[in-house]
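Structural overview
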Amino acid sequence: MPQINNKNNPLKRMNKTISHIFSVGAIAMALLATTACNNKKFHVDGNISEAKDSMLYLENASLNGPVVVDSVKLGEDGSFAFDGDAPEAPEFYRLRIAGQIINVAIDSTETVNVKAAYPTMSSQYEITGSEDNEKIKDLAIKQMNLQSRIDAVAQSANLGVDAVIDSVGKMLNVYKRDIMVNYIFKAPMKASSYFALFQTYRLGNSEALIFNPRSSEEDVKVFAAVATSWDTFYPKAKRGENLHNIAIEGMKDVRIVRARQNQTIDASKVGATGIIDLSMENNRGQVCKLSGLKGKVVLLDFHVFATRNSTQRIMQLRGLYNKYHAQGLEIYQVSLDENEHFWKTQTANLPWISVRDESGNSANLYNVQSIPTFFLITKDNVLYKRDVQIKDLDAEIKSLL
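Worth saying up front: this structure is predicted, and the values here are computed from it rather than measured. (Residues numbered from 1 in each chain as written. Predicted model: local features only at pLDDT ≥ 70, side-chain atom pairs only at ≥ 80, totals over all residues. Heavy atoms only, no water.)

**Examining the overall build of the protein chain**
Helix and strand content of the protein chain: 10 helices and 17 strands. Burial analysis of the protein chain (401 residues in total) assigns 47% to the buried set. Of the roughly 20200 Å² of accessible surface on the protein chain, 50% is carried by carbon and sulfur atoms. (Helix = DSSP H or I, 4+ residues; strand = E, 2+ residues; numbered from the N terminus. Buried < 20%, exposed > 50% of the residue type's maximum accessible area, 1.4 Å probe, protein only. Areas by Shrake-Rupley, 256 points an atom, 1.4 Å probe, with all protein chains shown as cover.)

Written out as structure tokens, the structure is:
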């Protein structure tokens, strides 16, 4: 698939919907029982200077996203102290002032002390009381240095696109080898190893996981190693279950990608071939099949909203849709964005069919080599032309209606 991947907080990609097993009443009783029997607390304290009158938040980096646990308005010396219920398995929190974040892992009843200065707290801070949090700090700084090197390569005027992608790929391989050997495989049961799995990098306007179980068999094995270790040390922990699910889905995705690598569409013959059907949920949770649009002229569009020219292109599509929809034009737009919430926000007011394919399998099926790419489909569900064959899109649509 094309490398469209998609801030610096690596825990933000740990989102997973957790189904409710018990009734509301049973949950309430369980919480009461837990509160009565378990008064153990963890403590995070310290001071953040140069931040007088700033709001410091303690947030739980939960599987469903950041949740504010407590907050304090900092005084002259920047001192703070937070307490929370001790977790049974390692849990992740973050100290945040505006966009500056310090990640903190909590294991049971430990006390963690943090000293920093605003606004450089994300990259320059001291943390004591937890060896694992020192490793998380090392990992965060390594990731920032990696990002700086990637940015330097991407901005080099002497390198073409292919050279940039090749250089970044080599940097990622070296980085991953270091993290696997010196952190993850040394202690896969540690919170720092879990943290490392969800580090990200940016290239242009796209962001992606450094360890990507969606496309790399090697990365799937890394996720599986940590998942297995968490099973042993923290049985039934939700984060361990989440890792298992990611590893299993990754294995499926890797097999699918491998099976479809040789499937291509010959542009010179596209006018004579039928469509490859797609069936995905739209931004409202409804399953939409491409073949279900028979009888309409369809613009099949592959798009990434997290790109610089997205807004301009969406306005162009709106013009075509407003002009020809009443005459039988439909747009079936496949987003390859990684961030589901961002995609839903961007497509909330779009009038056409908006679906999302994080895996990129649909792009592989249609041999999409760059983004954006589009195809025209006739009323008989037959591929007519792809973008490289079309000089005047407006005229081509009009001729098919």
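Having seen the model, we can carry on.
**Side note on the packing of aromatic side chains**
Scanning all chains against the criterion turns up 12 aromatic pairs. Centroid distance Phe-42 to Tyr-93: 5.0 Å. Interplanar angle 45 degrees. Geometry classified as tilted. Within this pair, whereas Phe-42 is found in strand β1 (residues 41-49), its partner Tyr-93 is found in strand β5 (residues 91-97), the two being separated by 51 residues in sequence. Residue Phe-42 is classed as buried on the basis of its relative accessible area, which comes to 1%. Assessed through its relative accessible area of 10%, Tyr-93 is described here as buried. Between Phe-198 and Phe-223, the aromatic rings sit 5.6 Å apart at their centres with planes inclined by 90 degrees, giving edge-to-face as the arrangement. Of this pair, Phe-198 sits in the loop between α4 (191-197) and β9 (200-203) while Phe-223 sits in helix α5 (residues 217-233); the two residues are 25 residues apart in sequence, bridging distant segments of the chain. Of the residues examined, Phe-198 reaches a relative accessible area of 1% and is grouped as buried. Taken together through their ring pairs, the aromatic side chains of Phe-92, Tyr-194, Phe-198, Phe-223, Trp-230, Phe-233 and Tyr-234 make up a single cluster. (Phe/Tyr/Trp six-rings, centres within 6.5 Å; stacked < 30°, edge-to-face > 60°.)

**Some thoughts on the sheet that holds strand β14 (residues 329-335)**
Backbone-to-backbone hydrogen bonds pair the strands of a sheet. The strands run either parallel or antiparallel. Spatially, five strands are ordered β15-β14-β13-β16-β17 in an open sheet, and the strand pairing comes out mixed. Two strands bound the open sheet, and with one partner strand each, they are β15 (353-356) and β17 (383-386). Each strand axis lies, on average, 20 degrees off the axis of its neighbour in the sheet, ignoring direction. Running over the sheet, helix α7 (residues 310-324) touches β13 (297-303), β14 and β16 (373-377) and is turned about 155 degrees from β14. (Pairing = 2+ DSSP bridges. Axes fitted to C-alpha atoms, helices over the stretch in contact; angles between N-to-C directions. Contact = heavy atoms within 4.5 Å.)

**A short note on the pattern of salt bridges**
Taken as a whole and judged by the stated rule, the model has 14 salt bridges. The shortest N-O distance in the salt bridge between Asp-394 and Lys-323 comes to 3.0 Å. In this pair, Asp-394 is assigned in helix α10 (residues 393-400) and Lys-323 in helix α7, connecting sequence segments 71 residues apart. On the basis of relative accessible area, Lys-323 is assigned to the partly exposed category, the value being 47%. Between Glu-396 and Lys-385 there is a salt bridge, with the nearest N and O atoms lying 2.9 Å from each other. Here the residue Glu-396 occupies a position in helix α10, and Lys-385 occupies one in strand β17, the gap between them amounting to 11 residues. A residue is classified by how much of its surface remains accessible, and Lys-385, at 22% relative accessible area, is partly exposed. Overlapping salt bridges, with partners in common, bring together Glu-59, Arg-94 and Arg-96 in one network. (Salt bridge = Lys/Arg side-chain N within 4 Å of Asp/Glu carboxyl O.)

**So, the sheet that holds β5**
Ordered by their spatial adjacency, four strands build an open sheet running β3-β2-β5-β6, and the pairing between neighbours is antiparallel. Two strands in the sheet have a free side with no partner beyond their single neighbour: β3 (65-73) and β6 (100-106). On average, adjacent strands in this sheet sit at an angle of 25 degrees to one another, irrespective of strand direction. Summarising the sheet, strand β2 (residues 55-62) and β5 pair through four bridges and their orientation is antiparallel. Bridge pairing in β5 links Leu-58 to Leu-95. Across the sheet, helix α2 (residues 131-154) is in contact with β5 and β6; its angle to β6 comes to roughly 145 degrees.

**Focus: helix α3 (residues 161-184)**
Its 24 residues place the ends of α3 32 Å apart at the C-alpha level, agreeing with the 34 Å of an ideal helix rising 1.5 Å per residue. Listed as buried for α3 are Val-164, Val-168, Met-171, Leu-172, Tyr-175, Lys-176, Ile-179, Met-180, Tyr-183 and Ile-184. Summarising the contacts, the buried residues of α3 are in contact with α2, α4, β9 and α5. (Expected span 1.5 Å × (residues − 1).)

**A closer look at the nonpolar core**
Phe-92, Ile-179, Ile-184, Leu-197, Phe-211 and Leu-243 are the most contacted members of the largest nonpolar core, which totals 39 residues. At the level of elements, α2, α3, α4, β10 (206-209), α5 and α6 (238-260) are the ones that each hand at least two residues to this core. Apart from the residues lying within four places of it in its own chain, the contact partners of Leu-243 are Tyr-194, Leu-197, Phe-198, Phe-223, Val-226 and Ala-227. If you look at the next biggest cluster of nonpolar residues, it comprises 23 residues, including Leu-278, Phe-302, Ile-353 and Ala-363. (Core = buried A, V, L, I, M, F, W, Y, C linked by side-chain atoms within 4.5 Å.)

**Details of unusual backbone geometry**
Cis geometry is found at the peptide bond from Tyr-118 to Pro-119, where omega equals 15 degrees. Tracing the sequence through the fold places Pro-119 in the loop between β7 (111-117) and β8 (125-128). At Glu-50, a position not held by glycine, the phi torsion is positive, near 60 degrees. In this structure, Glu-50 sits in the loop between β1 and β2. With a relative accessible area of 63%, Glu-50 lands in the exposed category.

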